[in-house]
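Here's the letter readout for the chains.
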Amino acid sequence: MNILAVAGGTGLAGSAVVREALARGFSVRSLSRRLPQPSTALDGVDYAVADAATGEGLAAALDGAEILIDALEDRRLRAQKLFPEAGRRLLAAAHGSGVRRAVMLSIAQCDELDFGYYRSKVAKEKLYDAAPMPSAVVRAAQFHPLLAQIFAAGHPLRIVPSVRRARLAPIDVRDVARALLDAAVEEGDGHALRTVSGPETRPVRDFAEEWKDIVGSRARIVGLPAPGGVGRYLSQGRNLAPESAFGTITFAQWLKESKSASPDLP
Ligand SMILES: NC(=O)c1ccc[n+]([C@@H]2O[C@H](COP(=O)([O-])OP(=O)(O)OC[C@H]3O[C@@H](n4cnc5c(N)ncnc54)[C@H](OP(=O)(O)O)[C@@H]3O)[C@@H](O)[C@H]2O)c1
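Only a predicted model underlies this, so the values are computations on that prediction, with no experimental measurement involved. (Residues numbered from 1 in each chain as written. Predicted model: local features only at pLDDT ≥ 70, side-chain atom pairs only at ≥ 80, totals over all residues. Heavy atoms only, no water.)

A. Spotlight on the packing of aromatic side chains. Under the defined criterion, the tally for this structure stands at eight aromatic pairs. On the basis of an interplanar angle of 85 degrees and a centroid distance of 5.6 Å, the ring pair of Phe 207 and Phe 251 is categorised as edge-to-face. Remark: Phe 251 occurs in helix H9 (residues 251-261) and Phe 207 occurs in helix H7 (residues 204-215); sequence separation between them is 44 residues. Here Phe 207 and Phe 251 have matching classes, each one buried. Taken together, the ring pairs in this structure connect Phe 151, Phe 207, Trp 211, Phe 251 and Trp 254 into an aromatic cluster. If you follow Lys 124 out to its NZ or CZ, it ends over the ring of Phe 83, 4.0 Å from the centre. The ring of Phe 207 has Arg 202 sitting right over it, with the charged end atom 5.1 Å from the ring centre. (Phe/Tyr/Trp six-rings, centres within 6.5 Å; stacked < 30°, edge-to-face > 60°. Helix = DSSP H or I, 4+ residues; strand = E, 2+ residues; numbered from the N terminus. Buried < 20%, exposed > 50% of the residue type's maximum accessible area, 1.4 Å probe, protein only. Lys NZ or Arg CZ within 6 Å of the ring centre and 35° of its normal.)

Spelled out as C-alpha cells, the structure:
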C-alpha cells in the first residue's frame, strides 16, 4: 500500500495535489478538520478528519502513510500564530507513523519580507528543514485565484485595483501540485528547497487588463501604492524569485477555464 497523505487535501492547493497524486497512481488520504461536501469529494480518496493545531486525529489519519504533503492554511491571526506549532505536531505524528518523506508548501520569497503571515511560513519551514525524515519545502508564487480575487474586490466601486510598480509571476495550482509531487518522489536524504513561479512575470496592471478583457468588466483600473515595507518589497522585485519559472498554465488560460465554469464572474 503506497499511501500519500495530503494535509489540507480539501483546500485549493491540497485538492490539486490530491488529483495529481491520484493521476500518478498513489493511494491518497486527505486530512482536514472538516470533510468535503459530497459534491467536491473525489472518488477513490480516503478523507480523514484531523486537526493539526490540536493534534486530534493525526495519528489515525497518518497511519500507514509513506509520504506527507503539507498544504495546510488558515489565515486567521490566531491560527497564524499556531501555524508552526501545527507543523510540529504534524511532523511528529508523521514520524511516529513511519512517513519516509515530508514536503511542505510555502510561499515564494517569504523570507524577504518582515510580515507576520510570512514569518509564520518561515518558522514552519525551519521545522521541515530539521525534520526527522528527508524533507522538502516547495515555495510557490501567488496562485491565479488570489490575483482574480484582488481584481474582483473593486467591483462594487467599479474599479479594478492594481498595485503600482509591482510585478508578479502567478502560478496555477495544478503546476504547484506537479512540483510538490516531484519533490515527494525525489530520492535523497537531507532537505531540499525549491521555488516555483508561473510562466509569465508581468506588471500587475497587465494582468488587470487581461482580467478585464476576459471577464468583460468595464471598470477602471486604478493603480494603488503598496504601503511601507510591502511597497518596497514589491517595487524592488524582492517578491520575484529569479530562475524559478516552472508553471505552464498562464493566468489568462486559467481565467478562461474558470469563466466558462462560472460565467457570472464579475
Ligand atoms: N494563495 C496563494 O496565492 C498561495 C501562494 C503560495 C503558497 N500558498 C500556500 O499554499 C498553502 C495552501 O493554501 P490554500 O490557499 O490552498 O489553502 P486553503 O484553500 O485555505 O486550504 C487550507 C486547507 O487546510 C485545512 N486546514 C486548515 N487548518 C487545519 C488544521 N488545523 N488541521 C487540519 N486541516 C486544516 C483546510 O481544511 P479545514 O478548514 O476543513 O480544516 C483546507 O483543507 C498555504 O500554506 C499557503 O501559504 C498560497
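What follows continues from the structure just given.
B. Structural view of the sheet that holds strand S4 (residues 65-70). Taking strand neighbours across the sheet as the criterion, the seven strands line up as S3-S2-S1-S4-S5-S6-S9 in an open arrangement whose pairing is parallel. At either margin of the open sheet sits one strand with a lone partner, and together these are strand S3 (45-49) and strand S9 (191-196). Between one strand and the next, the sheet's axes are offset by a mean angle of 20 degrees, whatever the strand orientation. Summarising the sheet, strand S1 (residues 3-7) and S4 pair through five bridges and their orientation is parallel. Paired with Leu 4 across the two strands is Ile 67, which belongs to S4. Seen against the sheet, helix H4 (residues 116-129) touches S4, strand S5 (101-107), strand S6 (135-140) and S9 and runs at an angle of roughly 160 degrees to S5. Docked against the sheet, helix H6 (residues 173-185) engages S1, S4, S5, S6 and S9, running at close to 150 degrees with respect to S5. (Pairing = 2+ DSSP bridges. Axes fitted to C-alpha atoms, helices over the stretch in contact; angles between N-to-C directions. Contact = heavy atoms within 4.5 Å.)

C. Representation of the packing of helix H5 (residues 144-152) against H7. Between H5 and H7, whose axes approach to 10 Å, the crossing angle comes to 75 degrees. By the angle between their directions, the pair H5 and H7 is classed as roughly perpendicular. Facing H5, whose interface residues are Leu 147, Ala 148, Phe 151 and Ala 152, H7 presents Val 204, Phe 207, Ala 208 and Trp 211. The residue inventory of the contact of H5 with H7, partitioned by class, reads eight nonpolar, no polar and no charged. (Parallel < 35°, antiparallel > 145°, perpendicular 65-115°, else oblique. Nonpolar A, V, L, I, M, F, W, Y, C, P; charged D, E, K, R; others polar.)

D. Region of the structure containing the site of the ligand. In the vicinity of the ligand there are 26 residues, among which Thr 10, Leu 12, Ala 13, Arg 33 and Arg 34 approach most closely. With the chains in place, 90% of the 910 Å² that the ligand exposes on its own is no longer accessible. At the level of secondary structure, the elements contributing two or more residues to the shell around the ligand comprise helix H1 (12-23), S5 and H4. No other element matches S5, which puts three residues into the shell around the ligand. Across the shell around the ligand, the residue classes break down as 14 nonpolar, six polar and six charged. (Near = heavy atom within 4 Å. Areas by Shrake-Rupley, 256 points an atom, 1.4 Å probe, with all protein chains shown as cover.)

E. Spotlight on the pairing of strand S7 (residues 159-163). With respect to burial, S7 is a largely interior element, four of its five residues being buried. Where S7 lies against strand S11 (residues 220-224), five bridges are found, and the strand directions are parallel. Looking at the pairing, Ser 162 lines up with Gly 223 of S11.

F. A look at the environment of Ile 159. Within the element layout of this structure, Ile 159 appears in strand S7. Distance from Ile 159 to Gly 96, taken between C-alpha atoms, is 52 Å for residues 63 residues apart in sequence. With near-sequence residues (within four places) excluded, Ile 159 lies in contact with Phe 151, Gly 154, Ala 219, Arg 220 and Val 222.

G. Layout of the side chain of Lys 124. If you trace the backbone, Lys 124 turns up in helix H4. The exposure class assigned to Lys 124 is buried, which follows from its relative accessible area of 1%. Within the structure, Lys 124 has its side chain in polar contact with the side chain of Asp 70 (distance 2.7 Å). Aside from chain neighbours lying at most four places away, what touches Lys 124 is Asp 70, Leu 72, Phe 83, Pro 84, Gly 87 and Met 104. (Polar contact = N/O pair within 3.5 Å; in protein donor to acceptor, adjacent residues only side chain to side chain.)

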